Amino acid sequence: MPQTNGVAERSVSTLKEGSGCGIVQSGYSTKWWPDAGEHFCFSKNVALVDGDSSYNRRHGRGHFRASAYR
């Protein structure tokens, strides 16, 4: 839909920029690009913004706790 094309383009751009920063800061080669993208998306979803996270708004179970998934 042309009305939402800008939103989709900006989301893709944010993912590419975040993944690229992760690659550069880690010092790894670009073969790690898929893992850097996955890490960026996960980190963005569990990050607290104004006291809440996307994870909590989606699942309604509080903030993400890594120990619950070990």
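A short tour of the structure in this document, coming up.

Each value, and the rule that gives it
- Residues numbered from 1 in each chain as written.
- Predicted model: local features only at pLDDT ≥ 70, side-chain atom pairs only at ≥ 80, totals over all residues.
- Heavy atoms only, no water.
- Axes fitted to C-alpha atoms, helices over the stretch in contact; angles between N-to-C directions.
- Helix = DSSP H or I, 4+ residues; strand = E, 2+ residues; numbered from the N terminus.
- Parallel < 35°, antiparallel > 145°, perpendicular 65-115°, else oblique.
- Left-handed = near helix turned anticlockwise from the far one by under 90°.
- Contact = heavy atoms within 4.5 Å.
- Nonpolar A, V, L, I, M, F, W, Y, C, P; charged D, E, K, R; others polar.
- Salt bridge = Lys/Arg side-chain N within 4 Å of Asp/Glu carboxyl O.
- Buried < 20%, exposed > 50% of the residue type's maximum accessible area, 1.4 Å probe, protein only.
- Polar contact = N/O pair within 3.5 Å; in protein donor to acceptor, adjacent residues only side chain to side chain.
- Disulfide = S-S within 2.5 Å.

## What about the packing of helix α1 (residues 5-26) against helix α2 (residues 33-46)?
It is the contact of α1 with α2, at a shortest axis distance of 8 Å, that shows an interaxial angle of 115 degrees. Here α1 is positioned roughly perpendicular relative to α2, judged by the angle of their axes. Taken as a pair, α1 and α2 cross one another with a handedness that is right-handed. Contacts from Thr14, Leu15, Lys16, Gly18, Ser19, Gly20 and Ile23 of α1 reach α2 at Trp33, Ala36, Gly37, Phe40, Cys41 and Lys44. Residue classes in the contact of α1 with α2 are distributed as six nonpolar, five polar and two charged.

## Re the pattern of salt bridges
Taken as a whole and assessed by the stated rule, the structure comprises one salt bridge. Among the ionic pairs, glutamate 17 bridges to arginine 10, the shortest N-O distance being 3.8 Å. Since its relative accessible area comes to 43%, glutamate 17 is described here as partly exposed. Here arginine 10 falls in the partly exposed class, since its relative accessible area comes to 47%.

## A closer look at the side chain of serine 19
Summarising the element assignment, serine 19 is placed in helix α1. Separated by 2.9 Å, the side chain of serine 19 and the backbone oxygen of leucine 15 make a polar contact. Sequence-distant contacts of serine 19, that is, excluding residues within four places in its chain, are made with Trp33, Ala36, Gly37 and Phe40.

## What about the state of the cysteines?
Overall, the coordinates contain zero disulfides when judged by the stated rule. Free cysteine: cysteine 21, not disulfide-bonded; nearest cysteine sulfur from cysteine 41 at 14 Å. Judged by relative accessible area, cysteine 41 falls into the partly exposed class, the value being 34%.

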